[in-house]
Amino acid sequence: MKRSGRSHSLTSVFVLSLFCVFAASVLMTLILGTRIHSAMKKASDEAYYSRTALFYITEKLRHRDSRGCVEISEFGGAPALVLTEKYDGVEYETVIYAYGGSIRELFHEKGVKFELGAGGRIMDGQALSFLFVSDGLVRIDYTDTQGGSSSAFAYLRGGGAA
């Protein structure tokens, strides 16, 4: 009898130990899964912002795809992409630039002067730069608020710079 009581006691300790090991492994798996999910979400958000910013700018370029309508310039000391268009005989400019931790866009009549903060905020971003690589090919470099950078190229079928 004593032997079976002792056996029952050892069996209980073994089952309880096995349950504790199982519970600890479930907890570790949940903690690890949460960390992995957070890291993946952060990477996904960063990729989303860089793709969205570059896509927005390349679509703006394609929309104004005609000779003499695209210019790379400075706006208040910041690199800027200037897109020119005419409405009812009046020339207007769309200026895309980075200022104050965001990518901004300003639509105004050509020749009118504005401050850097006047542009409407499009999205977060630390810096933008533009470069004509060749006739009609524009390189766009975007730096997000975390310092990560990405680039895109846009080919202007209408021929390029003003």
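Residues numbered from 1 in each chain as written. Predicted model: local features only at pLDDT ≥ 70, side-chain atom pairs only at ≥ 80, totals over all residues. Heavy atoms only, no water.

A tally of helices and strands in the protein chain yields one helix and eight strands. Secondary structure elements in the protein chain, listed N-terminal to C-terminal, are α-β-β-β-β-β-β-β-β. Relative to its length of 162 residues, the protein chain is extended, with a C-alpha radius of gyration of 29 Å against a globular reference of 15 Å. Projected onto its principal axes, the C-alpha coordinates of the protein chain cover approximately 105 × 30 × 25 Å. Sorting the 162 residues of the protein chain into buried and exposed places 30% on the buried side. Partitioning the intrachain contacts of the protein chain with sequence separation of at least 6 by distance along the chain shows that 35% fall at a separation of at least 24. Averaged over its 18 positive side-chain charges, the protein chain has a centre that lies 19 Å from the centre of its 17 negative ones. (Helix = DSSP H or I, 4+ residues; strand = E, 2+ residues; numbered from the N terminus. Rg over C-alpha atoms; globule rule 2.2 N^0.38 Å. Buried < 20%, exposed > 50% of the residue type's maximum accessible area, 1.4 Å probe, protein only. Contact = heavy atoms within 4.5 Å. Lys, Arg positive; Asp, Glu negative; His and termini not counted. Charge placed at Lys NZ, Arg CZ, Asp CG, Glu CD.)

Taken together, the side chains of L16, F19, F22, V26 and L30 make up a nonpolar region of the molecular surface, amounting to roughly 530 Å² of accessible area. Tracing the backbone shows F22 in helix α1 (residues 2-63). Residue classification places F22 among the exposed positions, given a relative accessible area of 53%. (Patch = residues over 30% accessible without salt bridge, like charges linked within 9 Å, V, L, I, M, F, W, Y side chains within 5 Å. Areas by Shrake-Rupley, 256 points an atom, 1.4 Å probe, with all protein chains shown as cover. Salt bridge = Lys/Arg side-chain N within 4 Å of Asp/Glu carboxyl O.)

Let us look at the sheet that holds strand β2 (residues 78-87). The antiparallel open sheet is built from five strands, whose spatial order is β1-β2-β3-β4-β5. In this open sheet, the two edge strands, each paired with only one partner strand, are β1 (70-75) and β5 (120-124). For this sheet, the mean angle separating the axes of adjacent strands, direction not counted, is 25 degrees. (Pairing = 2+ DSSP bridges. Axes fitted to C-alpha atoms, helices over the stretch in contact; angles between N-to-C directions.)

Note that H108 resides in strand β4 (residues 102-109). Leave out the neighbours within four places in its chain, and H108 touches Y92, E93, V95 and F114.

A separate point is the sheet that holds strand β6 (residues 127-134). Pairing is antiparallel across the open sheet formed by three strands, whose spatial order is β6-β7-β8. Here the strands that pair on one side only, and so sit at the sheet edges, are β6 and β8 (149-155). Ignoring which end each strand starts from, the neighbouring axes of this sheet average 20 degrees apart. Here strand β7 (residues 137-143) pairs with β8 via seven bridges, running antiparallel. Looking at the pairing, L137 lines up with Y155 of β8.

The buried fraction of β4 amounts to six of the eight residues, a majority that puts the element mostly inside the structure. In this sheet, β4 lies alongside strand β3 (residues 90-99) in antiparallel orientation, the contact comprising eight bridges. For A98, the partnering residue across the bridge sits in β4 and is I103.

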